Each structure stands twice: as structure tokens, then as C-alpha cells.
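One letter stands for each residue in the lines below.
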Amino acid sequence: MAKPEFTCSVTVRPLPEQADPEQGIHAYAYTIQIVNTGDITAQLIARHWVITDARGHIEEVRGLAVVGQQPLLKPGERFEYTSWTRIHTPQGSMRGTFFCMTEDARPFDAAVPEFSLSVPSSLH
């Protein structure tokens, strides 16, 4: 049986133009790269993010698509997108799951491992 699998990696950067540190608002852009590392064509359908700030406040975001798209990826193909989020502390973290579907309508999840939302020490 064909094995569906998407592998995700993330890069993060501060987004000062969307932040207001004096008001306790810190913003980060994140770029997600999704690679179909399975052996069957599959489509990303929806997303679920868990965003946690340094005080332990958790915000969950669920929705269809990513940046308005539901990419269909053949084995070996990749899709990359950039989005952003705000948190109320200078540091935090995000993790997520993409709900995906194979071309023969079998659902599977693709995990986005937890990643840090923080300003690199070289930028302080």
C-alpha cells in the first residue's frame, strides 16, 4: 500500500513592522516548507496551529488551506509559504498539524514540530 507522508521544516524571523513591544505585541514571520516524502500524490487541506507565549497563554488556530491554497503535491514535490503571528511576550513557540488527503481519499496528518518564536541573540 502506498505510504502518504509530508515532511515539514520551518524558518522564523522577527517581523518588527507588525510588532509594538511597548504594547506587549511581538510579531514573527515563519516560512514553512512542505515536501511530499511519501510515495503517493496528496493534498494539504487544512491546518491547526498551537501558539504558546512565554507566560503559557495558548492560542489555537484552525482553518482550511494555507495562505489561501491547498497544494497538491506529487512524491518529491515541495510547497513553501510564509505567514506570520503575534504573541504577547518576546519569546514563544508554535507547533502544528496539517490535515492532508491522498488522491484516493485517505486522510493523514503531517506534523510541524514545535519551533521557537524569538529574536536571534545576534539581533538584540
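Scroll up to find the structure.
Residues numbered from 1 in each chain as written. Predicted model: local features only at pLDDT ≥ 70, side-chain atom pairs only at ≥ 80, totals over all residues. Heavy atoms only, no water.

Engineer: Please give an account of the nonpolar core that cites residues and values.
Structural biologist: With 23 residues, the main nonpolar core has F6, I32, I34, W49, Y81 and F98 as its most contacted residues. Counting residues per element, the ones that place at least two in this core are β1 (6-14), β2 (26-36), β3 (42-53), β6 (78-87), β7 (92-102) and β8 (107-117). The dominant element in this core, judged by the number of residues it contributes, is β8, at 5 residues. Apart from the residues within four sequence positions on either side, Y81 is in contact with Y30, T31, I32, I34, W49, V66, V67 and F98. (Core = buried A, V, L, I, M, F, W, Y, C linked by side-chain atoms within 4.5 Å. Buried < 20%, exposed > 50% of the residue type's maximum accessible area, 1.4 Å probe, protein only. Helix = DSSP H or I, 4+ residues; strand = E, 2+ residues; numbered from the N terminus. Contact = heavy atoms within 4.5 Å.)

Engineer: Residues and numbers for the packing of aromatic side chains, please.
Structural biologist: For the structure on display, the rule yields 6 aromatic pairs. Ring centres of Y30 and F115 lie 6.0 Å apart, and the angle between their planes is 50 degrees; this geometry places the pair in the tilted category. Taken as a pair, Y30 in strand β2 and F115 in strand β8 lie far apart in primary sequence, 85 residues in all. F115 matches Y30 in its accessibility class, with the two residues each being buried. When the ring of W49 is compared with that of F98, the centres are 5.8 Å apart and the planes differ by 85 degrees; the resulting orientation is edge-to-face. With W49 in strand β3 and F98 in strand β7, the pair connects residues that are 49 residues apart, well separated along the chain. The pair formed by W49 and F98 is uniform in burial state, with each residue classed as buried. Ring-pair connections join several aromatic residues into one group, and the members of that group are Y30, W49, F98 and F115. (Phe/Tyr/Trp six-rings, centres within 6.5 Å; stacked < 30°, edge-to-face > 60°.)

Engineer: Give me the sheet that holds β6: which residues, what numbers.
Structural biologist: Spatially, 3 strands are ordered β1-β2-β6 in an open sheet, and the strand pairing comes out antiparallel. Two strands close off the open sheet at either side, each with one partner strand: β1 and β6. Strand-to-strand, the axes of this sheet are offset by a mean angle of 20 degrees, without reference to chain direction. Pairing between β1 and β2: 9 bridges, direction antiparallel. Note that in β2 the partner of R13 across the bridge is A29. (Pairing = 2+ DSSP bridges. Axes fitted to C-alpha atoms, helices over the stretch in contact; angles between N-to-C directions.)

Engineer: Can you break down the pairing of β7 residue by residue, with the values?
Structural biologist: In this structure, β3 lies alongside β7, joined through 11 bridges in antiparallel fashion. Across the sheet, the residue bridging to V50 is R95, located in β7. Alignment of β7 against β8, held across 9 bridges, turns out to be antiparallel. Across the sheet, F98 pairs through a bridge with A110, a residue of β8. Once β7 ends, the chain turns through 4 residues before running back antiparallel as β8, passing A105 with a positive phi of about 70 degrees.

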